[in-house]
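Okay, here's what each chain looks like letter by letter:
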Amino acid sequence: AQSVTQLGSHVSVSEGALVLLRCNYSSSVPPYLFWYVQYPNQGLQLLLKYTTGATLVKGINGFEAEFKKSETSFHLTKPSAHMSDAAEYFCAVRMNSGNTPLVFGKGTRLSVIA
Amino acid sequence: DAMVIQNPRYQVTQFGKPVTLSCSQTLNHNVMYWYQQKSSQAPKLLFHYYDKDFNNEADTPDNFQSRRPNTSFCFLDIRSPGLGDAAMYLCATSRGGNTEAFFGQGTRLTVV
């Protein structure tokens, strides 16, 4: 069975500071990994994904994440936080074959302080 | 733009009164999902359709049903809503069973 752990339910950073949101996964086979962002009263929007190939993936809004198999991690980063980045962020995993739904982490709420 | 559309965005229903939430997609994806998301929690999968095949999660209450009359539309029926069913309901689609999912804007359900 697959699972995702997001360390820190709430992260607060200053505007312009580095954003680091942590995600660790558990999977018996190499998984596909995703980061989604959710603004209040909105659906989830895909930020980026890792399937195969380059382990450093770039997404929208200046975010990127690195797949580290040895650490079973897929942390999300952004060099400089913007006020508009304040939202809920979900890491998700699914198997790389077959029909398997996304398994979400519990989410991390990012606050950006002016 | 191709997208996933949920109607309505906000729905208020009475305790015990059946309610239907709608989802349509223009992506021509063969998989459609319904998630329930309560406040400050991760989305919880209720069920999904892989083509016409219905897949119910083991812990989805019988009170929740779904219909998919064609590729583009999917409905969530709550037969007798309780106060505990108040939540955001998210519809999503994907091409195949292991690619990224595209989400609609959600329907926030209030039960009074």
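Preceding this paragraph is the structure being described.
The structure reproduced in this document is the subject of the present report. (Residues numbered from 1 in each chain as written. Chains lettered and ligands numbered in written order. Predicted model: local features only at pLDDT ≥ 70, side-chain atom pairs only at ≥ 80, totals over all residues. Heavy atoms only, no water.)

Some details on the overall build of chain A
Point 1. If you tally the helices and strands in chain A, you get 0 helices and 11 strands.
Point 2. For chain A, the α and β elements follow one another from N to C terminus as β-β-β-β-β-β-β-β-β-β-β.
Point 3. Relative to a compact globule of 114 residues, whose C-alpha radius of gyration would be 13 Å, chain A shows 14 Å and is just as compact.
Point 4. When its C-alpha atoms are laid out on the principal axes, chain A stretches across 45 × 30 × 20 Å.
Point 5. Within chain A, the fraction of its 114 residues that count as buried is 44%.
Point 6. In chain A, once contacts between residues fewer than 6 apart in sequence are set aside, the share between residues at least 24 apart is 56%.
Point 7. Per element, the accessible surface of chain A, about 5,300 Å² overall, is 54% carbon and sulfur.
Point 8. Taken together, the 9 basic and 6 acidic charged side chains of chain A have centroids lying 8 Å from each other. (Helix = DSSP H or I, 4+ residues; strand = E, 2+ residues; numbered from the N terminus. Rg over C-alpha atoms; globule rule 2.2 N^0.38 Å. Buried < 20%, exposed > 50% of the residue type's maximum accessible area, 1.4 Å probe, protein only. Contact = heavy atoms within 4.5 Å. Areas by Shrake-Rupley, 256 points an atom, 1.4 Å probe, with all protein chains shown as cover. Lys, Arg positive; Asp, Glu negative; His and termini not counted. Charge placed at Lys NZ, Arg CZ, Asp CG, Glu CD.)

Notes on the interface of chain B and chain A
Point 1. With 24 residues of chain B at the contact, the number on the chain A side is 23 residues.
Point 2. In total, chain B and chain A occlude about 1,800 Å² of area from one another, counting both sides; carbon and sulfur atoms represent 48% of this.
Point 3. It is Asn98(B), Glu100(B) and Phe103(B) that lose the most area in chain B upon contact with chain A, and together they represent 30% of the buried surface on that side.
Point 4. Seen at the junction of chain B and chain A, the total is 1 salt bridge.
Point 5. With its nearest N and O atoms 2.9 Å apart, the salt bridge here joins Glu100(B) to Lys49(A).
Point 6. Linking chain B with chain A are 9 residue pairs in polar contact (both at pLDDT 80 or more), by the criterion used here.
Point 7. When its residues are assigned to classes, the side of chain B that touches chain A shows 11 nonpolar, 10 polar and 3 charged. (Buried area = accessible area lost by both parts, 1.4 Å probe. Salt bridge = Lys/Arg side-chain N within 4 Å of Asp/Glu carboxyl O. Polar contact = N/O pair within 3.5 Å; in protein donor to acceptor, adjacent residues only side chain to side chain. Nonpolar A, V, L, I, M, F, W, Y, C, P; charged D, E, K, R; others polar.)

Some thoughts on the state of the cysteines
Point 1. Inspection of every chain in the model, using the stated rule, returns 2 disulfides over all chains.
Point 2. Bridging Cys23(A) to Cys91(A), the disulfide has an S-S length of 2.0 Å. As the torsion about the S-S bond is roughly -65°, the Cys23(A)-Cys91(A) disulfide counts as left-handed. Within this pair, whereas Cys23(A) is found in strand S3 (residues 19-26), its partner Cys91(A) is found in strand S9 (residues 87-95), the two being separated by 68 residues in sequence.
Point 3. Unpaired in this structure, Cys74(B) has its nearest cysteine sulfur neighbour in Cys91(B), at a distance of 6.0 Å. (Disulfide = S-S within 2.5 Å.)

Brief notes about the sheet that holds strand S3 (residues 19-25) of chain B
Residues and elements named next belong to chain B.
Point 1. Overall, antiparallel pairing links the 4 strands, which are arranged S1-S3-S8-S7 in an open sheet. The open sheet is flanked by strand S1 (4-7) and strand S7 (64-67), the only strands paired with a single partner. Averaged over neighbouring strand pairs, the angle between their axes works out to 20° when direction is ignored.
Point 2. Note that S3 and strand S8 (residues 73-78) share 6 bridges and pair antiparallel. Its bridge partner lying in S8, Cys23 is registered against Cys74. (Pairing = 2+ DSSP bridges. Axes fitted to C-alpha atoms, helices over the stretch in contact; angles between N-to-C directions.)

Topic: the nonpolar core
Residues and elements named next belong to chain A.
Point 1. Ranked by internal contacts, the top residues of the largest apolar core, which has 26 residues, are Trp35, Leu48, Phe74, Leu76 and Tyr89.
Point 2. Of all the secondary structure elements, the ones that give two or more residues to this core are strand S2 (10-14), S3, strand S4 (31-38), strand S5 (44-50), strand S7 (64-68), strand S8 (73-78), S9 and strand S11 (108-113).
Point 3. Excluding anything up to four places from it in sequence, Leu76 contacts Val19, Leu20, Leu21, Trp35, Leu47, Leu48, Phe63, Glu64, Ala65 and Tyr89. (Core = buried A, V, L, I, M, F, W, Y, C linked by side-chain atoms within 4.5 Å.)

Observations regarding unusual backbone geometry
Point 1. The peptide bond linking Asn7(B) to Pro8(B) adopts the cis configuration, its omega dihedral lying at -10°.
Point 2. If you trace the backbone, Pro8(B) turns up in the loop between S1 and strand S2 (10-13).
Point 3. Of note in the backbone geometry, Thr72(A) takes a positive phi value of approximately 45° without being a glycine.
Point 4. Note that Thr72(A) resides in the loop between S7 and S8.
Point 5. With a relative accessible area of 32%, Thr72(A) lands in the partly exposed category.
Point 6. With a phi angle near 60°, Asn28(B) is a residue other than glycine that sits in the positive phi range.
Point 7. Mapped onto the elements, Asn28(B) comes out in the loop between S3 and strand S4 (31-37).
Point 8. Accessibility expressed as a relative area gives 62% for Asn28(B), which makes it exposed.

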